[in-house]
Amino acid sequence: MKKASGSRHPWPIRLCHWTNVLVMIGMLMSGWGIYNASPLFNFTFPAWMTLGGWLGGHIAWHLAVMWLLFANGVSYLVWGIISGQFRGRFLPLSGHALWQDLFSALRLRLHHRGSDYNAVQKLMYLFVLVDGVLLVLSGLSIWKPVQFSGLVALFGGFDRARYVHFYAMSGLVLFTVVHVVMVILVPQTLWPMITGGKRSADRE
Ligand code: HEM
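Residues numbered from 1 in each chain as written. Predicted model: local features only at pLDDT ≥ 70, side-chain atom pairs only at ≥ 80, totals over all residues. Heavy atoms only, no water.

Our next topic: the nonpolar core. Ranked by internal contacts, the top residues of the largest apolar core, which has 23 residues, are M27, F45, F166 and M169. Those elements that provide at least two residues to this core are α1 (11–37), α2 (55–82), α3 (85–90), α5 (119–143) and α7 (158–185). The greatest single-element share of this core, amounting to six residues, is contributed by α1. A domain-level breakdown of this core finds at least three residues from each of domain 1 (7–66) and domain 2 (84–204). Setting aside anything within four residues of it in sequence, one finds M169 in contact with L28, W32, F45 and L135. (Core = buried A, V, L, I, M, F, W, Y, C linked by side-chain atoms within 4.5 Å. Buried < 20%, exposed > 50% of the residue type's maximum accessible area, 1.4 Å probe, protein only. Helix = DSSP H or I, 4+ residues; strand = E, 2+ residues; numbered from the N terminus. Domains from an automatic or database assignment. Contact = heavy atoms within 4.5 Å.)

Encoded structure:
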């Protein structure tokens, strides 16, 4: 079964995706360094997992890469909405399709059809989009708590916003681990994400 030809992953998606991978590495590593200066939990991250060398350096990296995250995130969101790619790729997502695909996934029978994402993929991508927005909003709250006092109040105070930021970061890391494991399990998805590939609804 073939669909209209064209690129499976248009270049703006690929550009934003791979820029985002670099941005995430920078944000996570510098963020873990900042966390270590005042840990919320009973652990810190090893120094080799952090970026910046010292607290001032961690903060400088975090805020510098933040602007790249902002530009890249806004480009991805605006282009995705205007081009209709978001609607086409991530919606509709019905509860029925989700149960069916989750069940197939558990039996290792979940099919993969190019950028015609299955319901489990749709759910994961929608999750990481919402999680990313939460991460940015909670980050803004703890960066400029006076200017964004309304946001801080929405999170229930500065300390709670810090926890939300940490949990949203953990959600993103969890997504990335599952996402990369899926790419390893279905490696033929990787090359089209680099070159664009051909759009087809053939099963993989
Ligand atoms: C080295 C790390 C990564 C690799 C190798 C990777 C690889 C891929 C591949 C191959 C696809 C296409 C999947 C398919 O065709 O079924 C994809 C899609 C996607 N990835 Fe990643 N990814 C990585 C990291 C990330 C990170 C860190 C995020 C977000 C925080 C992310 C978010 C997404 C999203 C949202 C899509 C769907 C894009 C769209 O269709 O608009 N990825 N990734």
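Text resumes after the structure shown.
Lining the immediate environment of the ligand, one finds 23 residues, of which H17, R89, H112, Y117 and H179 sit closest. Within the side chain of H17, an N or O atom sits 2.8 Å from a nitrogen atom of the ligand. Within the contact set of the ligand, a nitrogen atom lies 2.7 Å away from a side-chain nitrogen or oxygen of H179. Elements with a minimum of two residues in the shell around the ligand: α1, α3, α5, α7 and α8 (190–195). In terms of residue count, α7 provides more of the shell around the ligand than any other element does, six residues in total. For the shell around the ligand, a count of residues per class yields 14 nonpolar, eight polar and one charged. (Near = heavy atom within 4 Å. Polar contact = N/O pair within 3.5 Å; in protein donor to acceptor, adjacent residues only side chain to side chain. Nonpolar A, V, L, I, M, F, W, Y, C, P; charged D, E, K, R; others polar.)

What follows is about the domain arrangement of the protein chain. One can read the domain layout of the protein chain as domain 1 (7–66) and domain 2 (84–204). Spacing between the C-alpha centres of domain 1 and domain 2 amounts to 18 Å. Listed per partner, the contact involves 20 residues of domain 1 and 28 residues of domain 2. Summed over both partners, the interface of domain 1 with domain 2 buries about 2000 Å², with 65% contributed by carbon and sulfur atoms. (Buried area = accessible area lost by both parts, 1.4 Å probe.)

Moving on: the side chain of N118. One can find N118 in the loop between α4 (95–106) and α5. The class of N118 is buried, set by a relative accessible area of 6%. One polar contact links the side chain of N118 to the main-chain amide nitrogen of V120, over a distance of 3.1 Å. Beyond its immediate sequence surroundings of up to four residues, N118 is in contact with D101, L110, H111 and R113.

Moving on: the environment of W99. One can find W99 in helix α4. Judged by its relative accessible area of 66%, W99 is exposed. Spatially, the C-alpha atoms of W99 and V120 are 8.8 Å apart, while their sequence positions differ by 21 residues.

What follows is about α5. In a regular helix each residue adds 1.5 Å, so 25 residues correspond to 36 Å; α5 covers 36 Å between its end C-alpha atoms and thus fits that length. What α5 keeps buried is the set A119, V120, Q121, K122, M124, Y125, V128, D131, L135, S138, G139 and S141. The inward-facing, buried residues of α5 abut α3, α4, α6 (149–155) and α7. Capping the start of α5, N118 holds a side-chain oxygen 3.1 Å from the backbone nitrogen of V120, two or three residues further along. (Expected span 1.5 Å × (residues − 1).)

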